[in-house]
Amino acid sequence: TMCRPGGRLVYRPPPTSVLKPPTPVRTEEYACPLTDSSAQVAIEDFVASVTLVQTFKNVEASPIEAVYQFPLDEKYCICAFTAEIDGKVIKGLCKEKEEAKNIYDDAIAEGHGAYLLEQDEAPNTFKVNVGNLPPTKEVKISITYVAELAFSTEGMLNWTLASSKVSTSGPQSPYYRSSSISSVPVPTLKLEVQLDMTSNIRQLSSPSHPISFEFGEEPSQASVKLSNESQNLDDKDFVLNVKLAKPHQPCGRVEKDEQGNMAAMVALYPEIKLGEDEEIYTEMIFVVDRSGSMSGSRINQVRDTMQIFLRSLSEGTMFNIVGFGTRCEFLFSGGSVEYNDKNLDLATKHVTDLKANLGGTNILQPLQRILSAKTVDGYPRQLFILTDGEVSNTQECIEFVRKNSHTTRVFTFGIGGEASQELVNGMAKAGEGFSEFILSGENMEAKVMRQLNRALQPAFTDLNVEWEGNAVQQAPYRLPPLFTGGRLIVYGMLPAGAKEQQVKITAQTAIKPFEAVLTLKPEEAKGGRLFHQLGAKQMLRALEDSRSYMHDLDGSLVGGRSGQDVKNEMNRMSTQYGVLCKHTAFVAVEERDEATEGTMQVRKVQFQQLASAAPPPAKKGSIFSLGRSSEKKKKSEKGSAPMDRTTTD
């Protein structure tokens, strides 16, 4: 899971600014200096909370509205936003988006300070407005977000903080670029990670940076820091690996917020083993790019790859082959068939005759047809996608895969050196699978077998969580299959007065049932809101993806509900739990005894893609706007002049 140290403020001074550029390189763009930066991380079992604190300074002679944008991995959700200026801490409140914007505008018009955090139009991208920052003043912006963590293929829990300078996908971070032209040195990021686990911690390590750590009062607790406190993360991502003594031990925790509301987290990282007589039952659908660009050596590579696949499947597998271009063609039009000698012969001949003759590249069409179909009971569905191209609707394809990840796991192959990494990696990540790239002339057998081995692992199906005695609001509402190497995390919003109770997790493997029983003790609940927030995030995602209690299995609304009902429920849940969604925003107002006067200059940030984040929403070099077509102007009650805005591109 990736996250990044916040966004970066960059602005261009107005022509009349008293701040004179000392060199020609600074005539076009100035950095709003970042003077301090820290990250506080709390990891509890399989979940993490990250609070990033950054201090910026207005070096102009006029008040400014600094606007910046930052990407955030979709696994994270923002749950707190505060600003601190002159020792005064202003806590952001989660409001319906238009209401939040009106509050922000009114505060600016009256000469107060105001701060706004909202989800931008681009996927997984967020925008912060720091409004009416007085000359020479510093403001400390704190953003907290939470996420679930994953296990590596080696069985180690890992957490990653992406660096601010180096992007694994190419472009340099705006933070480093802006800081490099600032007269203020780039501050060192102060990083501290606190761990509180159910299992004892056996090993802590970082393959990226030297670290120091101390164990707490219990061997299940520890704190981690960078060994060299003056070291920055500009060079590479920070990676922390945690090896647990009993990683497969089920765990259950309860927390209580300040209002006395309780939420529970139940987590399971099972070690799924096959008995001698057990078979892997799964459905495998191979989705093959047969567009014109696949002609020549690429379609030959696909034929060879598919022959390896077909010869390596096992009994108990259902399979099908789908070719796509402008249209799509199914080998078995009636759906997946049993893997046997007859169907293998048909598939082998079909693959031998494959041609790149289906026109353009429209991968969304076969995805929609396949993923909209009902799964075969007892056969977890897995897709293998082989493609060479780029598509114009990459994000739409990735989002569609993600919305169906509860029914289908996706593995991808990029064929040739020009295959879109964004598409190939993005679909695999959204589908909880893995990606591989096969270059021209490369021996692909090892990569094919690696993907196949990942897929041909035992799985838990028909997962269910039973909460004893209490009416619990559960998230996720519907549970997907759980494959070897995966982990299950379920949250429950407990009713007031909840007592000690048992939670039973049941599932079905190939030939036998699975059961694990945990005991929750609300009377031992620790303070916090992490489970509340992550549970709310799951419920919001389910509402957005049509997989909630308001939806049927096919995604249709039940009980006469409408799309407006879904939006209203998302607004209610978002504001109740303080978890940002696309319909809400955080707003904070700093009421000042003396209204700040003068023309407020709006400073915009040029968008550039950062590593491990959402792709840029617009054309290269575009400038994002404030998102409001008009601004309110009115006299403050103190009689000061209204705050005008002058935008400098």
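Data block above holds the structure.
Residues numbered from 1 in each chain as written. Predicted model: local features only at pLDDT ≥ 70, side-chain atom pairs only at ≥ 80, totals over all residues. Heavy atoms only, no water.

**Q** Would you mind showing me how to read the sheet that holds strand 4 (residues 34-44) here?
**A** One open sheet accounts for eight strands, arranged 8-7-12-5-4-15-18-17; its pairing is mixed. Two strands bound the open sheet, and with one partner strand each, they are strand 8 (88-91) and strand 17 (211-215). This sheet shows a mean twist of 15° between the axes of neighbouring strands, independent of strand direction. Pairing geometry for strand 4 and strand 15 (residues 189-196), over eight bridges, is parallel. Bridging from a neighbouring strand, Ile43 pairs with Leu195 of strand 15. Against the sheet, helix 9 (residues 530-544) engages strand 4, strand 5 (47-57), strand 7 (77-85) and strand 12 (138-148), with an angle of about 70° to strand 12. (Pairing = 2+ DSSP bridges. Helix = DSSP H or I, 4+ residues; strand = E, 2+ residues; numbered from the N terminus. Axes fitted to C-alpha atoms, helices over the stretch in contact; angles between N-to-C directions. Contact = heavy atoms within 4.5 Å.)

**Q** Any chance you could explain helix 8 (residues 445-455) here in plain terms?
**A** Note on helix geometry: an α-helix contains 3.6 residues per turn, so any two residues three or four positions apart are oriented the same way. Residues Lys447, Val448, Gln451, Leu452 and Ala455 constitute the buried set of helix 8. Mapping the buried residues of helix 8 onto a view down its axis gives an arc of 135°, with all of them on the same face. If you follow the buried residues of helix 8, they end up packed against strand 22 (282-289), helix 3 (297-312), strand 26 (381-387), strand 27 (408-415) and strand 28 (435-438). (Buried < 20%, exposed > 50% of the residue type's maximum accessible area, 1.4 Å probe, protein only. Arc of directions from axis to C-beta.)

**Q** I keep staring at the environment of Ile103 and nothing clicks. Help me out?
**A** Tracing the backbone through its elements, the reader meets Ile103 in helix 1 (residues 97-109). Considering only alpha carbons, one finds Ile103 and Leu116, 13 residues apart in sequence, at a separation of 9.4 Å.

**Q** Teacher, can you tell me more about the sheet that holds strand 32 (residues 488-494) here?
**A** Picture the strands of a sheet paired through backbone hydrogen bonds; they go either parallel or antiparallel. If you trace the five strands from one edge of the open sheet to the other, you get 30-32-21-20-35, paired in mixed fashion. Pairing within the sheet leaves two strands with one partner each, and these edge strands are strand 30 (473-475) and strand 35 (526-527). In terms of strand pairing, strand 21 (residues 262-268) meets strand 32 through seven bridges, oriented antiparallel. Note on strand 32: the bridge partner recorded for Ala263 is Met493. Relative to the sheet, helix 9 contacts strand 20 (251-256), strand 21, strand 30 and strand 32, its axis offset from that of strand 32 by approximately 105°.

**Q** Looking at this structure, I do not really get the pairing of strand 17. What am I missing?
**A** Consecutive side chains of a regular strand alternate in pointing toward one face of the sheet and then the other. Bridge count for strand 17 against strand 18 (residues 221-226) is five bridges, and the pairing is antiparallel. Bridge pairing links Ser212 to Lys225 in strand 18. Between strand 17 and strand 18, which follow one another and run antiparallel, lie five residues.

**Q** Help me understand the side chain of Ser208, please; the structure alone is not making it clear to me.
**A** Among the secondary structure elements, Ser208 is positioned in the loop between strand 16 (201-205) and strand 17. Among the residues examined, Ser208 registers a relative accessible area of 11% and is labelled buried. Looking at Ser208, its side chain comes within polar contact range of the side chain of Ser206, at 3.1 Å. When neighbours within four sequence positions are excluded, Ser208 is seen to be in contact with Lys236, Asp237, Phe238 and Val239. (Polar contact = N/O pair within 3.5 Å; in protein donor to acceptor, adjacent residues only side chain to side chain.)

**Q** Would you mind going over the packing of aromatic side chains with me for this structure?
**A** For any pair of aromatic rings, the description consists of the separation of the ring centres together with the inter-plane angle of the planes. Taken as a whole and judged by the stated rule, the model has 18 aromatic pairs. The interplanar angle of 45° and the centroid separation of 5.7 Å between the aromatic rings of Phe56 and Tyr68 together place this pair among those described as tilted. On the criterion of sequence distance, the pair formed by Phe56 in strand 5 and Tyr68 in strand 6 (residues 64-71) is long-range, its members being 12 residues apart. Comparing Phe56 with Tyr68, the two get one shared label, buried. Measuring from centroid to centroid gives 4.9 Å for Phe286 and Phe309, while their planes differ by 45°, and the two rings are tilted. (Phe/Tyr/Trp six-rings, centres within 6.5 Å; stacked < 30°, edge-to-face > 60°.)

**Q** Looking at this model, I keep getting lost on the side chain of Glu44. Mind explaining?
**A** With respect to the helices and strands, the residue Glu44 is situated in strand 4. In this view, Glu44 contacts Asp196, Arg253, Met265, Lys526, Leu530 and Phe531; residues no more than four positions away in its chain are not counted.

**Q** Help me out: how do you make sense of the pairing of strand 26 in this one?
**A** Among the seven residues of strand 26, seven are classified as buried, and the element is accordingly described as predominantly covered. Burial along strand 26 is two-sided: the residues Arg381, Leu383, Ile385 and Thr387 and Gln382, Phe384 and Leu386 are all buried. By the bridge criterion, six bridges tie strand 22 to strand 26 in an arrangement that is parallel. Each bridged residue has a counterpart across the sheet, and for Met284 the counterpart in strand 26 is Gln382. Across seven bridges, the pairing between strand 26 and strand 27 is parallel. The residue bridging Leu383 from the neighbouring strand is Val410, located in strand 27. Note on the crossover from strand 26 through helix 6 (residues 394-403) to strand 27: the handedness is right-handed. (Right-handed = clockwise from strand over helix to strand, strands pointing away.)

**Q** Would you mind showing me how to read the environment of Ala122 here?
**A** Position of Ala122 among the secondary structure elements: in the loop between strand 10 (113-119) and strand 11 (125-133). Each C-alpha atom of the pair Ala122 and Pro71 lies 9.2 Å from the other, and the pair is 51 residues apart in sequence.

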